[in-house]
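If you want the building blocks of each chain, they are given just below.
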Amino acid sequence: HEENYKGQKARTRRAGFDYFLAQAAQIGEVVVFGDKLEPYSGWTLMEKIDPAHCIAWKFFEDFQKNVPSLNRDMDKVIIFAPDKTEWIGAQDNVIVIRAWNGGMDTALLALGEFLKDVEQNTTKILDVKSLVKKFNDDGMLDVYEKKRVEKLNRTERTLQKQAAAKAKRMKEKEKERKKKNMAP
């Protein structure tokens, strides 16, 4: 996404992009179709946003979004896109995500959590199409976003408790030190 800041264009990343990309790379090949990019600018951008080389395949410009032509088992392919109609022969594999407008959102963080669950249950998933359908039909993105927020809240509460316990221990040590200094 490009933002115009004080007359200069600056590219920004969607929140959770790196986390999502790392989770996706752990469970399979990551393929990017950048139909709005020319090859040179596309390659340059991919180098900047993916220095760890998690993205295995990159297709740019007028490349048709024909995933079956890549000779992959379509029972194992999950596609994340804002519009499923663009994907020739693979509409049933598309998890529809909101297009990013440059604002703050947590969709990729939630999708990263979803991919963690997929990885943990990979032996039980014979065909991802039923999983994709459930995800799209049941509003699972919202469920994963809520799950992510709950996890963050639990972590925050734990950290607050740890900080309070540490402060209490430090106070007690300070009292002991003062007692020792006051003793004759």
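Located above this text is the structure these notes cover.
Residues numbered from 1 in each chain as written. Predicted model: local features only at pLDDT ≥ 70, side-chain atom pairs only at ≥ 80, totals over all residues. Heavy atoms only, no water.

### Overview of helix H5 (residues 140-182)
- With 43 residues, H5 ought to run about 63 Å at 1.5 Å a step, and its terminal C-alpha atoms sit 63 Å apart, in line with that.
- Every buried residue of H5 is listed here: Met140, Leu141, Tyr144, Glu145 and Arg148.
- Those residues of H5 that are buried are in contact with helix H3 (107-120) and helix H4 (128-137). (Helix = DSSP H or I, 4+ residues; strand = E, 2+ residues; numbered from the N terminus. Expected span 1.5 Å × (residues − 1). Buried < 20%, exposed > 50% of the residue type's maximum accessible area, 1.4 Å probe, protein only. Contact = heavy atoms within 4.5 Å.)

### Remarks on the pattern of salt bridges
- Enumeration over the complete set of coordinates arrives at 8 salt bridges.
- The partner of Asp75 in a salt bridge is Lys129, and the shortest N-O contact between them spans 2.9 Å. With a gap of 54 residues between them, Asp75 in the loop between strand E4 (55-60) and strand E5 (79-81) and Lys129 in helix H4 connect regions that are remote in the sequence.
- Given the relative accessible area of 29%, Asp75 is considered partly exposed.
- Among the salt bridges present, the one from Arg98 reaches Glu145, with a minimum N-O distance of 2.9 Å. Residue Arg98 is located in the loop between strand E6 (94-96) and H3, and its partner Glu145 is located in helix H5; the two are separated by 47 residues in the primary sequence.
- Classification of Glu145 by relative accessible area gives buried; the value is 13%.
- What you see here is one network of salt bridges that share partners, running through Asp75, Asp127 and Lys129. (Salt bridge = Lys/Arg side-chain N within 4 Å of Asp/Glu carboxyl O.)

Just geometry here; none of it tells us what the structure is for.
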